[in-house]
Amino acid sequence: MNFTFRPLDPLTDAELLHSWVTHPKAAFWMMQDAGLEDVERAYMEIAADEHHHALLGLLDGEPAFLMERYDPAHRELVGLYEPEAGDVGMHFLVPATDTPVHGFTRAVITAVLAHLFDDPATHRIVVEPDIRNKAVHALNEAVGFRPEREIRKPEKAALLSFCTRARFEGAVAA
């Protein structure tokens, strides 16, 4: 699958995003009760934030998933671990579908990590998924993430995990 990325436009993409983040299968995104305006506002804040960026992943030019990149020294994980130079935080969301494609989500996370590691300044990717999200933990491990420890964020108990470039390359080559 050949994915491309484009910056998310909080206004023109809000309706699509709203349908994705409020779906019951996106419960770990924690926006189940968000209105359209809430989604617009949340992504306008990200668009205005120099330390947080949202991108749409496209398949054949059509929006297929959401990716967020953030600087964990300034967002999400401040005070919860010691960031290293080259750390990049990441979130991704594959929307629910009535016609799932086997291997699609793994292809998405592989494309997301490849995109992040395309930047030579990125040395390690950091994630903090909900401790209860066993499916994403397995997916993360499949592409090279190693869990470090449970952390407590204001909104959830999370599994702090890291993926180095070498572990990613080894995982996708296997």
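Presented here is an overview of the structure given in this document. (Residues numbered from 1 in each chain as written. Predicted model: local features only at pLDDT ≥ 70, side-chain atom pairs only at ≥ 80, totals over all residues. Heavy atoms only, no water.)

In this section: the overall build of the protein chain. Of regular secondary structure, the protein chain possesses five helices and seven strands. Start at the N end of the protein chain and walk to the C end: the helices and strands fall as β-α-α-β-β-β-α-β-α-β-β-α. Over its C-alpha trace the protein chain gives a radius of gyration of 15 Å, about what one expects of a compact globule, namely 16 Å for 174 residues. Overall, the C-alpha framework of the protein chain stretches about 40 × 35 × 30 Å when taken along its three principal axes. Out of the 174 residues belonging to the protein chain, those deemed buried represent 45%. Contacts in the protein chain between residues far apart in sequence, at least 24 positions, make up 60% of those at least 6 positions apart. In the protein chain, the 16 positive side-chain charges and the 28 negative ones have mean positions that sit 8 Å from each other. (Helix = DSSP H or I, 4+ residues; strand = E, 2+ residues; numbered from the N terminus. Rg over C-alpha atoms; globule rule 2.2 N^0.38 Å. Buried < 20%, exposed > 50% of the residue type's maximum accessible area, 1.4 Å probe, protein only. Contact = heavy atoms within 4.5 Å. Lys, Arg positive; Asp, Glu negative; His and termini not counted. Charge placed at Lys NZ, Arg CZ, Asp CG, Glu CD.)

Time to look at the pairing of strand β6 (residues 146-152). Summarising the sheet, β6 and strand β7 (residues 157-164) pair through six bridges and their orientation is antiparallel. Paired with Glu150 across the two strands is Leu159, which belongs to β7. Taking the residues that link successive antiparallel strands as the turn, the β6-β7 hairpin has four residues. (Pairing = 2+ DSSP bridges.)

This paragraph deals with empty space enclosed by the protein. A water-sized probe, rolled over the atoms, reveals where empty space remains. This structure, assessed with the given rule, holds one cavity of 30 Å³ or more. There is about 40 Å³ of room inside the largest cavity. Taken together, His137, Asn140, Glu141, Phe145, Pro147, Leu159 and Ser161 make up the lining of the largest cavity. Those elements that place two or more of their residues in the lining of the largest cavity are α4 (134-142) and β7. With three residues, the top contributor of residues to the lining of the largest cavity is α4. Of the residues that constitute the lining of the largest cavity, the class distribution is three nonpolar, three polar and one charged. (1 Å grid on protein atoms, 1.4 Å probe; cavity = no way out; pocket = protein on both sides within 12 Å on 5 of 7 lines; lining within 4 Å. Points joined across faces, edges and corners; volume = space filled by probe spheres on them. Nonpolar A, V, L, I, M, F, W, Y, C, P; charged D, E, K, R; others polar.)

Now for the side chain of Asn140. Relative to the assigned elements, Asn140 resides in helix α4. According to the relative accessible area criterion, Asn140 is buried, its value standing at 4%.

A separate point is the sheet that holds β6. Pairing is mixed in the open sheet, where seven strands are placed in the order β1-β2-β3-β4-β5-β7-β6. The open sheet terminates on both sides in strands that have one partner only, identified here as β1 (3-7) and β6. Strand-to-strand twist across the sheet, computed as the mean angle between neighbouring axes with direction ignored, equals 30 degrees. Across the sheet, helix α1 (residues 14-21) is in contact with β2 (52-59), β3 (62-70) and β4 (87-93); its angle to β3 comes to roughly 80 degrees. (Axes fitted to C-alpha atoms, helices over the stretch in contact; angles between N-to-C directions.)

Moving on: the nonpolar core. With 24 residues, the main nonpolar core has Met90, Phe92, Val112, Leu113 and Phe145 as its most contacted residues. If you tally residues by element for this core, the top one is helix α3 (residues 104-117), at eight residues. The residues touching Leu113, leaving out its near neighbours within four places in the chain, are Met90, Ile125, Val143, Phe145, Cys163 and Phe168. Counting 16 residues, the second largest nonpolar core, distinct from the first, contains Leu17, Trp20, Tyr43 and Leu58. (Core = buried A, V, L, I, M, F, W, Y, C linked by side-chain atoms within 4.5 Å.)

As a further point, take the packing of aromatic side chains. This structure, assessed with the given rule, holds five aromatic pairs. Judged by centre distance (5.7 Å) and plane angle (70 degrees), the ring pair of Phe3 and Phe104 falls under edge-to-face. Taken together, the positions of Phe3 in strand β1 and Phe104 in helix α3 put the pair 101 residues apart, joining distant regions of the chain. Take Phe3 and Phe104: they sit in the same class, and that class is buried. Relative to Phe162, the ring of Tyr81 lies with its centre 5.5 Å away and its plane at 50 degrees, an arrangement referred to as tilted. Pair noted here: Tyr81 is in the loop between β3 and β4 and Phe162 is in strand β7, with a separation of 81 residues, a long-range link. Classification of Tyr81 by relative accessible area gives buried; the value is 8%. (Phe/Tyr/Trp six-rings, centres within 6.5 Å; stacked < 30°, edge-to-face > 60°.)

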